[in-house]
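So you can see what is in the structure, the chains are spelled out below.
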Amino acid sequence: MPNQTYSLYHKRGYAGELFDSAPRTTQTGLVEGASLGFGLALKVGSDAANGGVVPGSVSGKVFAISMRELNHEAANKPSDGTTTYVKDESVSIMRQGFLLVKVTGRAAVAHSLANVNDTTGAFTGGSAAGGETQSTNVTFLEAGQVGDIVKARIDIVHA
């Protein structure tokens, strides 16, 4: 009889996923670019009247973070597991609350403000480098190395 081995060690989570049931403020946006990933910083786009969003921040103010949804078709065929929002598709966004984000560029420091890549909307730790802006309203809640998925909080900032 073959020996079966079961592993219960699942990944911690994925960028853009919720990790608790705390109160949150979410809404729907509209993807203005060709595609949009999960767990990225967003700013209001040029089509603000229709809820248009694009990656980035405005002077460090992050409008929202894109949330992961499981109802998306694979981005690549055959599928490698990659999914994204596509142009003119509605995107679930979190304006205030807790969710998971991926650390890129430099390690995240717990309870410090995240930096936002001005082009991609990805989050980095440490001091903001060229092409990045320190956010005023997204905080890493735990430390993490580059590539790690960590808890973060976004707060609504009024202009």
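Residues numbered from 1 in each chain as written. Predicted model: local features only at pLDDT ≥ 70, side-chain atom pairs only at ≥ 80, totals over all residues. Heavy atoms only, no water.

*Asks:* It is not clear to me how the pattern of salt bridges should be interpreted in this structure. Could you clarify?
*Replies:* When charged atoms on two side chains of opposite charge get close, those side chains can pair. The final tally for this structure, using the stated rule, is 2 salt bridges. One salt bridge connects Glu132 with Arg106, and the closest N-O pair in it is separated by 2.4 Å. Here Arg106 lies in the loop between strand S7 (90–104) and strand S8 (113–117) and Glu132 lies in strand S10 (residues 132–140), a separation of 26 residues in the sequence. Here Arg106 falls in the partly exposed class, since its relative accessible area comes to 27%. Measuring nitrogen to oxygen at the nearest pair gives 2.8 Å for the salt bridge that ties Asp155 to Arg153. (Salt bridge = Lys/Arg side-chain N within 4 Å of Asp/Glu carboxyl O. Helix = DSSP H or I, 4+ residues; strand = E, 2+ residues; numbered from the N terminus. Buried < 20%, exposed > 50% of the residue type's maximum accessible area, 1.4 Å probe, protein only.)

*Asks:* Please clarify how the packing of aromatic side chains should be interpreted in this entry.
*Replies:* In this description, an aromatic ring pair is defined by two values, namely the gap between the centres and the angle between the planes. In the structure shown here, the tally under the stated rule is 2 aromatic pairs. Look at Phe38 and Tyr85: their rings are 5.3 Å apart centre to centre, the planes differ by 75°, and that puts the pair in the edge-to-face class. In this pair, Phe38 is assigned in the loop between strand S2 (35–36) and strand S3 (41–44) and Tyr85 in strand S6 (residues 85–86), connecting sequence segments 47 residues apart. According to the relative accessible area criterion, Phe38 is buried, its value standing at 8%. (Phe/Tyr/Trp six-rings, centres within 6.5 Å; stacked < 30°, edge-to-face > 60°.)

*Asks:* How should I be thinking about the environment of Leu36 in this particular structure?
*Replies:* Within the fold, Leu36 resides in strand S2. What makes Leu36 buried here is its relative accessible area of 3%. For the pair Leu36 and Arg153, spaced 117 residues apart in sequence, the C-alpha separation works out to 20 Å. Other than its neighbours up to four places away in sequence, Leu36 contacts Val31, Leu42, Pro55, Ser66, Thr84, Tyr85 and Val91. (Contact = heavy atoms within 4.5 Å.)

*Asks:* Explanation requested: unusual backbone geometry in the structure shown.
*Replies:* Among all residues save glycine, negative phi is the norm, and among peptide bonds the norm is trans. Although it is not a glycine, Ser59 adopts a positive phi angle of roughly 50°. Relative to the helices and strands, Ser59 resides in the loop between strand S4 (52–55) and strand S5 (64–66). Judged by relative accessible area, which is 63%, Ser59 ranks as exposed.

*Asks:* Just to check I follow, could you spell out the nonpolar core for this structure?
*Replies:* Note on soluble globular proteins: their nonpolar side chains tend to be buried together. Val62, Ile65, Val101, Phe123, Val138, Phe140 and Ile154 are the most contacted members of the largest nonpolar core, which totals 17 residues. When residues of this core are traced back to their parent elements, those giving at least two are S7, S8, S10 and strand S11 (149–154). Per element, the largest residue contribution to this core is 4 residues, and it comes from S7. Membership of the second largest hydrophobic core comes to 11 residues, among which are Leu40, Leu42, Tyr85 and Ile93. (Core = buried A, V, L, I, M, F, W, Y, C linked by side-chain atoms within 4.5 Å.)

*Asks:* Explanation requested: the side chain of Arg95 in the structure shown.
*Replies:* Structurally, Arg95 can be placed in strand S7. Buried and unpaired, Arg95 has Asp155 as its nearest opposite-charge partner, separated by 11 Å. A polar atom in the side chain of Arg95 sits 2.7 Å from the backbone oxygen of Phe63. Once residues within four sequence positions are removed from consideration, Arg95 is found in contact with Thr25, Gln27, Phe63, Ala64, Ile154, Asp155 and Ile156. (Lys, Arg positive; Asp, Glu negative; His and termini not counted. Polar contact = N/O pair within 3.5 Å; in protein donor to acceptor, adjacent residues only side chain to side chain.)

*Asks:* Mind showing me how you'd approach the pairing of S4 here?
*Replies:* Regular strands show a simple pattern: their side chains alternate between the two faces of the sheet. In this structure, strand S1 (residues 25–31) lies alongside S4, joined through 2 bridges in parallel fashion. For Val31, the partnering residue across the bridge sits in S4 and is Val53. Where S3 meets S4, 3 bridges bridge the pair, whose relative direction is antiparallel. Among the inter-strand pairings, Val44 is bridged to a residue of S4, identified as Val53. (Pairing = 2+ DSSP bridges.)

*Asks:* Mind showing me how you'd approach the pairing of S3 here?
*Replies:* When S3 meets S5, the two strands line up antiparallel, connected through 2 bridges. Across the sheet, residue Ala41 finds its bridge partner in S5, namely Ile65.

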